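Fold and contact review
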Amino acid sequence: VGGETVTAYPFCTMRCTVRRLIVYTVLITLISYTGFRLTQPVSIPISNPAANVGIVRSAGVQAGGETREPRMGASEPKIDVASITPIVPKETRVDDLEEQPTSSPPPPQPAQPRAPPPPPTPLLGAADQVVVKAEGNATVETEVNATRIHVGKPGEYVAPKSKLAEDNQLTAELVGRYAEDNIVMVTWANHHYHDFVRNWVRNVRKCGMRNYMVGAMDNELLEKLIDDEVPTFAMQSGLTTKDFGWGTANFHKMGRKKIELIHLFTEMGFDILVSDVDTVWLRNPLPYMAKYPHADVLTSSDHLANTAEGEGLEDPRRAHSAANIGIMLLRHTAKELAKEWVDVLEKDDKVWDQNVFNDLYRRGGGPSVKDDKNVVTGYDGKLKVGILPVSMFASGHTYFVQRMHEKVGLEPYVVHATFQYSGTEGKRHRMREALLWEDSPEYYDPPGGLLVFTPDVPKELLDNSQSVEGHFDLVNHQILQVRSALQVAQKLGRVLVMPELYCGFDRWWAPHKGTIPGSDTTLPYLCPMDHVFEVETWMREQPIEESGPHIDFREYSFFRNPLVPTNVRDSTVTVSLVDECGREECTQAVGKAAPAGQDTVVAARNFTDVQVQTLLTEYKDVKVLNFTSMVGAFSRFEDPEDAKKFSNRIKKYAAIWCCKHKNPGHIWYDMEFDIVPHVDRHNRKWDGGKNKWELVTGP
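To keep things clear, this report deals only with the structure shown in the data block. Please read these numbers as outputs of a predicted model, since none were measured by experiment. (Residues numbered from 1 in each chain as written. Predicted model: local features only at pLDDT ≥ 70, side-chain atom pairs only at ≥ 80, totals over all residues. Heavy atoms only, no water.)

**As for the overall build of the chain**
Within the chain one finds 18 helices and 28 strands. Here the chain, with 699 residues, has 51% of them falling under the buried criterion. A fraction of 72% describes how many contacts in the chain between residues 6 or more apart in sequence connect residues 24 or more apart. A total accessible area of about 32,000 Å² is found for the chain, and carbon and sulfur atoms account for 52% of it. (Helix = DSSP H or I, 4+ residues; strand = E, 2+ residues; numbered from the N terminus. Buried < 20%, exposed > 50% of the residue type's maximum accessible area, 1.4 Å probe, protein only. Contact = heavy atoms within 4.5 Å. Areas by Shrake-Rupley, 256 points an atom, 1.4 Å probe, with all protein chains shown as cover.)

**Focus on the state of the cysteines**
Tallied over the entire structure, the rule returns 3 disulfides. Here Cys581 is linked by a disulfide to Cys586, with a sulfur-sulfur distance of 1.7 Å. Disulfide Cys581 to Cys586: torsion about the S-S bond roughly -85°, handedness left-handed. Among the residues examined, Cys581 registers a relative accessible area of 29% and is labelled partly exposed. Among the cysteines of the chain that take part in disulfides, numbered as they appear in the sequence, the pairing is 1-2, 3-4, 5-6. (Disulfide = S-S within 2.5 Å.)

**Some details on the sheet that holds strand β20 (residues 572-578)**
On the basis of which strands lie adjacent, the open sheet formed by 6 strands has the order β19-β16-β15-β23-β20-β21 and parallel pairing. Looking along the sheet, the strands with just one partner apiece sit at the ends: β19 (553-554) and β21 (600-604). Pairing between β20 and strand β23 (residues 624-627): 4 bridges, direction parallel. Counterpart to Val573 in the pairing with β23 is Leu625. In this fold helix α13 (residues 468-492) packs onto β15 (450-453), β16 (495-497) and β23, with an angle of close to 155° to the strand it touches most, β15. (Pairing = 2+ DSSP bridges. Axes fitted to C-alpha atoms, helices over the stretch in contact; angles between N-to-C directions.)

**Some thoughts on the packing of helix α7 (residues 335-347) against helix α8 (residues 353-362)**
Orientation of α7 relative to α8, taken along the N-to-C sense of each, is 135°, at an axis distance of 10 Å. The pairing of α7 with α8 is recorded here as oblique in orientation. Seen from above, α7 lies across α8 with right-handed handedness. Facing α7, whose interface residues are Leu337, Glu340, Trp341, Val344 and Leu345, α8 presents Asp353, Val356, Phe357, Leu360 and Tyr361. (Parallel < 35°, antiparallel > 145°, perpendicular 65-115°, else oblique. Left-handed = near helix turned anticlockwise from the far one by under 90°.)

**Focus: the environment of Gln478**
Of note, Gln478 is situated in helix α13. Considered as a pair, Gln478 and Val457 are 21 residues apart in the sequence and their alpha carbons are 7.3 Å apart. The contact partners of Gln478, leaving out residues within four places of it in the chain, are Val457, Glu500, Leu501 and Tyr502. Within polar-contact distance, the side chain of Gln478 engages the backbone oxygen of Leu474 at 3.1 Å. (Polar contact = N/O pair within 3.5 Å; in protein donor to acceptor, adjacent residues only side chain to side chain.)

**Observations concerning the side chain of Asp353**
Along the chain, Asp353 turns up in helix α8. One buried charged residue, Asp353, forms no salt bridge at all, with the nearest opposite charge on Lys258 at 5.1 Å. There is a polar contact of 3.1 Å between the side chain of Asp353 and the side chain of Trp352. (Lys, Arg positive; Asp, Glu negative; His and termini not counted. Salt bridge = Lys/Arg side-chain N within 4 Å of Asp/Glu carboxyl O.)

Listed below in structure tokens is the structure:
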């Protein structure tokens, strides 16, 4: 100042220090406030597409590690939930294989780049849970801290807080508990299918699999699954707790819940192995599916002929039948398809979910656009799709009718009870016939005992069964034997063990010339019971005063089942039938009781109901009566009223054969076709004259 230099350091230092203190104080205050806000629960309004499903979804979690931030109010802070995504990928994806078209197809659309797999992140602990409530005005409650809670080994059952639906919602944390290599197998059902769920779970566990979950579509099933320690989640579908019924409104609504479920799993970033509950798993399929890591979708098929080489995928150029969505693997990279699948179904409540999938995956692709492993490009060139071999991922036709796995010498992974009749009862009986179903112990040792007989199937009838008329001659010969066995079983109060049935022509829903077009069926064949009889009618209780006592029955393979107790097998008496009793040939006089303690009782055929009851009076406590034949065994009921009741009972036991090239083309089997006169189930009278029973189509 004034030419002199003045040293100002002390004053400057003090002034800077004061400024720094002010700035530091402000910064500390802001940081403290921000930290306080971030550690508090924040209620965030969000639109919830899962609300109508009854399923909880973790907010912001997308496949491939992407995040979607929920909509927030202007005054509410945004929270990045990417850091708490629960996906733990263990599978390395590979690049698409080069297309090798075998002809000159239109140029394939270029495949879209896949989203990269999400970063490996520890499983969520309870404090990290992101929950979207499924009812009312949905909110997201998020708590984030540095604590990671280990929830057990993958697949290890963790009991829920309670049996209430709100404590069993589907979350990414819950799925993460059971997923292995980012894959979880999922089925779903309502209370009506509880026995199917138990059978499904039992067989999945036998395969050594633990990465499975069961969606409970009602609270009754939810509680039972928790009691059985089955990994489950509440779906709260609002649908019937009874049989869905194929093709009904409930059936289609159930299908939509299934697709919404697929969408939610893929959106959360998981690969989902979809399995209808009417399947039986025989081997762990994941090692097989791991052979095709570049496939976004692996689906089963309704194709009825083998086009695969060895254990490879079906050849898409030849396996052109519809994909069956009852068994399929969708990786999280297929989430866009899953989303569009849901959107299409929401716009049209009449369209079938399976048809929609087939339209979507085939769009913009074709069977010629495939690689050397038979994986095709589809869904506008965005996805890779493979068709699982129909011999090993078997339908109800390739397994139960064709027995394709035996022909090609391969062990199936799974059986799906499709291509069958008689509804749910028909499915259950098919599985019992194939020894794929486990019942309670009393099923194998019924009170009153069992009745079994040796069927008569002449070679001549088998050889001449390659026509509609020949087929009916073969089946009608067996129907007469079954009818006699039912009459004896009803009178003795025993459970009938069905015989093997043989058919000359296959059964389908459309006209054919013996086999379903395109199938590999060999004729004649061992046919399931539901090809000839209405199994559900046999199961249905009828008024005793109108139809006489109920007649229970068992599958033809009953005595091949290791679950049948030894004491049942060992308690057997043979009833040998002869045309007439010669000198000392029968063990008793005609109309008399057989003496006790015999291993074999010899009697004349053509007996009445009273005569057979008298004959076997001393054998009521024997577990199994084994008749050597039922051809001409039973003559009549001595009381006409009993005969009328029995006729009422069996009138609707027989099913239809389908179909001839006529309209209508089906022909009804008739349990009393040989009785003159008689009235059939449609009140048509057959009197043996001009109205002699014959093969007629309809009604």
